[in-house]
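Residues per chain, in single letters:
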Amino acid sequence: MSDAAANVMVVTSTLVHAKGLTKHFGSFEAVRGIDVEVGKGEAFGFLGPNGAGKSSTMRMVACVSPRTGGELRVLGMDPDVDGPSIRARLGVVPQQDNLDTELTVRQNLQVYGRYFGLSRSAVRERAVELMEFAQLTDRADAEVEPLSGGMKRRLTIARSLVNDPELLLLDEPTTGLDPQARHLLWDRLFRLKQSGVTLIITTHYMDEAEQLCDRLVVMDGGRIAAEGSPSELIRRHSTREVLELRFPPGEQSAAEVRDLAERVEVLPDRVLLYTGDGEAALSAVHARGVRPVSTLVRRSTLEDVFLRLTGRTLVD
Amino acid sequence: MNAHVLGPFRAALVAVEGHWTWYRRNWRATVISNFLQPVLFLLAMGVGFGSQVQAGEATGGHPYVVFLAPALLVITAVQNAVFEATWAVFSAFKWQRSYLAVVSTPITPAHVLYGQLLWIALRLAAGTAVFLGIAVALGAITSPSAVLAVPFAVLAGMAFTAPVVAFTATREKPDSFNAIFRFLVMPMTLFTGGFFPLSQLPDWLHPLAWVTPVWHGIELARGVTFGTLRLLPAAGHVAYLAALVVLGIVLGRRYFHRRLAV
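Residues numbered from 1 in each chain as written. Chains lettered and ligands numbered in written order. Predicted model: local features only at pLDDT ≥ 70, side-chain atom pairs only at ≥ 80, totals over all residues.

Caption draft 1: Up close: the sheet that holds strand β12 (residues 270-275) of chain A. Residues and elements named next belong to chain A. Across the sheet, 4 strands lie side by side as β11-β12-β10-β13; this open sheet has antiparallel pairing. In the strand order of this sheet, the two ends are held by β11 (263-266) and β13 (294-299), each with one partner. Pairs of neighbouring strands in the sheet enclose a mean axial angle of 15°, with direction left out of account. In the sheet, strand β10 (residues 241-246) pairs with β13 via 6 bridges, with the strands oriented antiparallel. Pairing of Leu-245 across the sheet is with Thr-295, part of β13. Here helix α11 (residues 278-287) sits on the sheet in contact with β10, β12 and β13, set at roughly 35° to β10. (Pairing = 2+ DSSP bridges. Helix = DSSP H or I, 4+ residues; strand = E, 2+ residues; numbered from the N terminus. Axes fitted to C-alpha atoms, helices over the stretch in contact; angles between N-to-C directions. Contact = placed C-beta atoms within 7 Å.)

Below you can see the structure in the form of structure tokens.
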């Protein structure tokens with residue numbers, strides 16, 4: 001296949017195309033010109049601290065929030081013109097559940113399916129399949145209100161699938177869930193991905209991004225700070241390994257080890273040495289007579305990349 | 001059949017179906033305010049208090065309860081509407097956030113509004129029809145043409161509902177809803193010719209009554225019940241009420257869009 005043909009393939013399978021996309025709320029610039037391409041079958045992540053502009057971006061892609069400026073095409077169409085037609089082919093999992101808590105699990109799925117123009121018999125069947133998928137069958141006719149957070153989240157995801165969407169948008173799908181519930185959700189999302197559904201996920205959990213995303217962007221202050229696969233980002237913005245030296249608070253001796261790593265970060269109780277070989281750095285630390293309370297050699301993670309790019313300052 | 005975009009009418013019907021699904025589970029909670037309260041009014045004011053009132057010119061020659069019943073039909077519609085147009089709509093924006101879920105489907109904010117208004121209209125129709133039945137059973141309504149008072153009562157109710165729903169869509173807090181009840185619904189109930197003729201009020205208050213949908217609704221409901229309705233005034237009342245409905249829809253479309261597409 002020639003390069004030109006390959007390019008055509010890429011172009012025709014682009015589900016989301018954004019160029020210079022902006023979103024303002026009054027004088028506040030939530031999204032300040034981002035470029036994003038998401039291809040068919042991809043699991044794409046928006047990673048960033050609170051207020052980075054992830055949700056605003058997602059809402060524009062979901063065609064519920066008109067853009068302020070820039071280009072945006074979703075499924076090849078313009079949300080300003082074809083919002084309803086696009087939404088007919090999207091699944092949306094909002095950050096906050098907005099289930100009808102006074103209806104049953106089954107009714108939530110059926111009522112929602114009807115908004116997509118599906119027939120009563122179609123939504124009846126679909127509800128049964130989706131409850132099976134979300135492991136909610138034994139709660140089918142229970143009211144939603146008393147269900148656990150994990151069950152409500154699974155129901156929200158099941159509901160978003162009622163129209164068999166080509167593109168599924170998940171805004172912080174597992175925030176606030178316990179580890180069991182998160183792993184169950186990840187498993188379901190992974191199955192969807194296997195079945196060919198394109199996923200766009202926002203999260204501030206690094207493990208979630210590493211588990212689910214083929215490719216991601218790190219957003220900060222309404223802009224894209226970095227883009228790539230999780231391993232690319234680690235390679236580009238961090239070192240292979242990290243050596244953590246733990247000291248009693250206020251007794252870190254960063255000065256003595258500063259030259260032993262590519263980059264050294266001093267935290268109140270720890271010194272982090274970013275290095276290609278953690279064990280070698282640890283030997284060198286010991287050779288200099290530095291005696292931390294404890295040490296840890298670990299692989300670099302997306303969290304290191306994230307903190308490097310977006311800083312350690314608390315964002316509220 | 002795959003997922004597809006619905007036209008405005010189908011979309012509103014599907015939204016009504018969603019409300020109906022809720023109502024089927026929760027209708028018991030609405031019985032007292034929607035059905036029982038107007039009947040208590042009819043018994044207390046019409047049968048109880050009314051027994052002390054002489055039939056005369058002011059009551060059109062009818063016993064007081066008969067004079068009152070068609071007006072209560074309209075008052076019932078407006079009283080039933082006020083909760084649905086304020087708290088229920090506010091909750092769908094803010095607390096349950098069910099509108100937010102709906103507009104991420106092919107349904108648009110305008111469709112959500114149409115569905116909500118259609119649902120309220122059906123609730124008002126059911127409430128007034130039940131009241132009519134009870135009033136007939138109690139002997140407060142004897143004229144067959146009173147059946148036509150039901151659509152007039154619903155129209156008057158919607159002339160109040162549509163602008164209030166639009167207003168609710170602009171609210172971030174529910175503070176003003178009790179004020180709507182106290183300063184709009186209560187005076188509209190008491191001083192628009194329902195319980196006593198408007199002529200008992202000082203002249204300068206009459207125009208205030210004339211702008212309310214309740215006065216127009218009562219004129220229509222009473223007129224059709226007692227066979228005194230003339231075509232031209234009737235057309236005027238209907239046109240005024242319809243204009244309020246249209247105004248509410250135009251504003252509501254704008255505010256629903258502003259609230260849901262941000």
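Caption draft 2: Up close: the nonpolar core. Of all hydrophobic cores here, the largest spans 143 residues; its most connected members are Leu-169 of chain A together with Leu-73, Val-74 and Ala-156 of chain B. The element best represented in this core is helix α3 (residues 64-93) of chain B, accounting for 17 residues. If sequence neighbours within four positions are ignored, Leu-73 of chain B has contacts with Thr-128, Phe-131, Leu-132, Ala-149, Ala-153 and Ala-221 of chain B. One finds Val-257, Tyr-274, Ala-281 and Val-285 of chain A within the second-largest nonpolar core, a separate group that totals 12 residues. (Core = buried A, V, L, I, M, F, W, Y, C linked by C-beta atoms within 7 Å. Buried ≥ 20, exposed ≤ 12 C-beta atoms within 10 Å, placed from the backbone.)

Caption draft 3: Local environment of the packing of helix α5 (residues 109-137) of chain B against helix α6 (residues 149-168) of chain B. Residue and element names in this part refer to chain B. Two elements in contact, α5 and α6, have axes whose closest approach is 9 Å; the angle formed by their N-to-C orientations is 145°. In this structure, the crossing between α5 and α6 has a hand that is right-handed. Where α5 approaches α6, its residues Gln-116, Leu-117, Ile-120, Ala-121, Leu-124, Ala-125, Thr-128, Ala-129 and Leu-132 are matched on the opposing element by Val-150, Ala-153, Val-154, Gly-157, Met-158, Thr-161, Ala-162 and Val-165. Of the residues in the contact of α5 with α6, the class split is 13 nonpolar, 4 polar and no charged. (Left-handed = near helix turned anticlockwise from the far one by under 90°. Nonpolar A, V, L, I, M, F, W, Y, C, P; charged D, E, K, R; others polar.)

Caption draft 4: Expanded view of helix α4 (residues 105-114) of chain A. A large share of α4 of chain A lies buried, amounting to 10 of its 10 residues. Within the span of α4 of chain A, buried status applies to Val-105, Arg-106, Gln-107, Asn-108, Leu-109, Gln-110, Val-111, Tyr-112, Gly-113 and Arg-114 of chain A. Next to the buried residues of α4 of chain A lie α5 (120-133) and α6 (149-160) of chain A together with α1 (8-26) of chain B.

Caption draft 5: Up close: the domain arrangement of chain A. When its domains are assigned, chain A resolves into domain 1 (10-234) and domain 2 (239-299). Just the C-alpha atoms count here: the centres of domain 1 of chain A and domain 2 of chain A sit 40 Å apart. (Domains from an automatic or database assignment.)

Caption draft 6: Seen up close, helix α9 (residues 230-237) of chain A. Residues and elements named next belong to chain A. Those residues of α9 not exposed but buried are Pro-230, Leu-233 and Ile-234. Down the axis of α9, the buried set is contained in an arc of 100°. They therefore lie on one face. The outward face of α9, more than 90 degrees from its buried face, is lined by the exposed residues Ser-231 and Arg-236. The elements touched by buried residues of α9 are α8 (206-212), β8 (215-220), β9 (223-228) and α12 (302-310). (Arc of directions from axis to C-beta.)

Caption draft 7: Molecular detail of the sheet that holds strand β4 (residues 69-74) of chain A. All names here are of chain A. Taken in spatial order, the 3 strands line up as β2-β1-β4 in an open sheet, and their pairing is antiparallel. Two strands in the sheet have a free side with no partner beyond their single neighbour: β2 (28-39) and β4. Taken over all neighbouring pairs, the strand axes of this sheet differ in orientation by 20° on average, direction set aside. Pairing analysis gives 5 bridges linking strand β1 (residues 14-25) to β4, with the strands arranged antiparallel. Note that in β4 the partner of Lys-19 across the bridge is Glu-71.

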